[in-house]
Amino acid sequence: MGVTSLNDVLDHVSDGHMRDILQESKKVHEKLGNETHKYLNEYHDQGKEPAVTAKMMSWMKTNAKLGGEESDRTVADLITDGCNMGVKSLYRYLHQYPAASASVQKLAEKVIAEEEHMIKEMREYL
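Definitions and limits used
- Residues numbered from 1 in each chain as written.
- Predicted model: local features only at pLDDT ≥ 70, side-chain atom pairs only at ≥ 80, totals over all residues.
- Heavy atoms only, no water.
- pLDDT = per-residue confidence, 0-100.
- Helix = DSSP H or I, 4+ residues; strand = E, 2+ residues; numbered from the N terminus.
- Axes fitted to C-alpha atoms, helices over the stretch in contact; angles between N-to-C directions.
- Parallel < 35°, antiparallel > 145°, perpendicular 65-115°, else oblique.
- Left-handed = near helix turned anticlockwise from the far one by under 90°.
- Contact = heavy atoms within 4.5 Å.
- Nonpolar A, V, L, I, M, F, W, Y, C, P; charged D, E, K, R; others polar.

If you look the chain up in an unreviewed UniProt entry, it shows as DUF2383 domain-containing protein from Jingyaoa shaoxingensis.

Structure representation (structure tokens):
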């Protein structure tokens, strides 16, 4: 959902530096997504897409907020909220599946680090 969310907001960003931050994060998320798919293939797992309801709610929230006030502050708020939800979910999974392979746990930690990095980067725009 990270790449999709970034795509959803990029056209609404006016600050060039913020756009660069978001585009770089999109590249990192794409790499992490590719790494995730590599592990899923190794484990012969199809994985699962986020629930349609979650995708729809995210899309609706993004469009409602940006429809009312299109600003970099709004984008930063949306990205920060999404990153916080991602961090919470990943920590929950790390604690729920302590026997997961070390490499998969490390991947989850990389994603958490990227999400936390984005939260910090967005602070100046809030």
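Engineer: Before we move on, can you summarise the confidence of the model for the chain with the specific residues and values?
Structural biologist: Of the residues in the chain, 87% have a pLDDT of 70 or more, and the chain-wide mean is 88. When pLDDT is averaged over each helix and strand of the chain, the minimum, 71, is found for helix 3 (residues 52-68) and the maximum, 97, for helix 5 (residues 102-122).

Engineer: Hey, could you go over the packing of helix 1 (residues 2-10) against helix 2 (residues 16-42) for me, with residue numbers and the actual values?
Structural biologist: One way to put it is that helix 1 packs onto helix 2 with a least axis distance of 9 Å and a crossing angle of 155°. By the angle between their axes, helix 1 is roughly antiparallel relative to helix 2. Like other packed secondary-structure pairs, helix 1 and helix 2 cross with a definite hand, here left-handed. Facing Gly2, Val3, Leu6, Asn7, Val9 and Leu10 of helix 1, the residues of helix 2 in contact are Arg19, Leu22, Gln23, Ser25, Lys26, His29 and Glu30. Split by residue class, the contact of helix 1 with helix 2 holds five nonpolar, five polar and three charged.

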